[in-house]
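# Remarks on the overall topology
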Amino acid sequence: MSPRTGAGMALGAGTAPEAGTALGAGTALGVWTPSSPAPALFPRRTARAVEALRRSGWAVRTAPSAAGLHRAGAADPRELAADLHRLVADPAVGGVIAAAGGWTAALVLPYLDFDLLRAAQVPLIGYSDVSVLLWALAAHGAPAIHGPMLVSEFGHFTGPFAYSVAGLRKALSGTGGDLRPPGRWTEDNPWWDRDDERPLAMHRATPWRVLRHGSGRGPLLAGCLPAVTGLFGTPYMPETDGRILFLEDFGMGPDQFLSLLAQWRNSGRLERLAGLVLGRRSRAGTAPGGYADFDDAVLHVLAGTGMPVVADVDFGHTEPRLSLPLGATAEIRTDPLLLRVAGPDPSADGEQTST
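The residue numbering used here restarts from 1 in each chain and proceeds along that chain's sequence as written. Totals for whole chains, interfaces and linings use all residues, but because this is a predicted model, local features are given only for residues with pLDDT of at least 70 and pairs of side-chain atoms are given and counted only at 80 or more. Side-chain metrics rest on all non-hydrogen atoms present in the structure, leaving aside hydrogens and water.

## Quick word on the nonpolar core
We call a set of buried residues a nonpolar core when its members are Ala, Val, Leu, Ile, Met, Phe, Trp, Tyr or Cys and they connect through side-chain atoms within 4.5 Å of each other. Here's how the labels work: a residue is buried when its accessible area is under 20% of the maximum for its type, exposed when over 50%, partly exposed in between, all with a 1.4 Å probe on protein chains only. Ranked by internal contacts, the top residues of the largest apolar core, which has 80 residues, are Trp32, Leu133 and Trp135. In this description a helix means any DSSP run of H or I spanning at least four residues, a strand means any run of E spanning at least two, and both kinds are numbered starting from the N terminus. At seven residues, helix 5 (residues 131-139) tops the list of elements feeding residues into this core. Residues Ala52, Leu53, Ile97 and Ile145 belong to the second largest nonpolar core, which totals 24 residues.

As structure tokens, then:
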């Protein structure tokens, strides 16, 4: 998404959630803008999203800088970190949802108080470049959910997808179970506040696919491939050995995909995974020469490893999407295909930083 300027907006406090909404200790979702300043740039879509969040049964609490505009973000990274700390300290807040993704979430990392975030046990929800924050939280024992964001998923003209809302509720409640594909999907992403006052173009969903048979079980780790690969060599990289790794990307050709997966292979991390789950392709490109076979690219990089691999799962830059709690126990079986998420894995608790 290419940002454009726009008037800022005030985000209200919301109303009480419907009975039965499970949010852990709190009953509201906090809105935080750690990356793209979408609320300032796209006020109409943001207002729609806040109202949709309320209609879905959640009260809304917003960070002071949620609708701000400063350089490429909503506020100075120090201020953004302080906003998150205030939200998780609010006893009414049971989860914090990122406004949108972008490119600058990693700037916030040095200013986060991981002791406070671990003690609060209030999950951060998001994906795209917000993945780097989710992984840093996981590395320090704080909860995180790879899931929908406010403006991108709740701001649709026709409202959020029921599949996405139900998945988020399930993840927030800590309820496990089998993951199942949606009946339809879309990669349609009209320009916000200009072309988005229409229904999205939908496609019949193709089945989730097995690229390599096998079984695996371990703590779940989910993120956006180009974002989280940038954590290599930093203190924010969580442990990856024995994990079921969910990786998604967007707008990439197989050559770019190969380059990033090669970093995982060359580091020795790839062969120590318990399983690999790849997101449904979004606006996929081709390499020079016309090479466009992502399956071949994946299996080429994975040659000599033995983990099961599943592809085209709905958890990235397509919709509707799953919500995946980092650290929960995940299981893969491929004959027949089964993806299951249980409760948090006690062996994944605490600080697990890996460089």
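Having seen the structure, we can now continue with the description.
## Focus on the packing of aromatic side chains
Note on aromatic contacts: the rings of Phe and Tyr and the six-membered ring of Trp form a pair at centre separations within 6.5 Å, being stacked when their planes are under 30 degrees apart, edge-to-face when over 60 apart, and tilted otherwise. Summed over the entire model, instances satisfying the criterion amount to seven aromatic pairs. Arranged with centres 6.4 Å apart and planes meeting at 75°, the rings of Trp58 and Phe154 form a pair that is edge-to-face. Placement of Trp58 in the loop between helix 2 (43-55) and strand 2 (59-62) and of Phe154 in helix 6 (residues 150-154) is noted, with a sequence separation of 96 residues between them. With centroids separated by 6.2 Å and ring planes inclined at 85°, the aromatic side chains of Trp135 and Trp264 adopt a geometry described as edge-to-face. In this pair, Trp135 sits in helix 5 while Trp264 sits in helix 9 (residues 254-266), placing the two residues 129 residues apart along the sequence. Classification of Trp264 as buried rests on a relative accessible area of 0%. An aromatic cluster is present here, built from Trp135, Phe232 and Trp264 joined pairwise through their rings. We count a charge as sitting over a ring when the NZ of a lysine or the CZ of an arginine lies within 6 Å of the ring centre and within 35 degrees of the ring normal. Here Arg269 stacks its cationic end above the ring of Phe232, 5.2 Å away from the centre of that ring.

## Comments concerning the pattern of salt bridges
Here a salt bridge means any side-chain nitrogen of Lys or Arg lying within 4 Å of a carboxyl oxygen belonging to Asp or Glu. Counted under the stated rule, the structure contains 19 salt bridges. The residue Asp83 makes a salt bridge to Arg86 at a minimum N-O spacing of 2.5 Å. Pair noted here: Asp83 and Arg86 are both in helix 3 (residues 77-89), with a separation of three residues, about one helical turn. The salt bridge partner of Arg340 is Glu331, with a shortest N-O separation of 3.8 Å. By relative accessible area, which is 18% here, Glu331 ends up buried. What you see here is one network of salt bridges that share partners, running through Asp178, Arg180, Glu331, Arg333 and Arg340.

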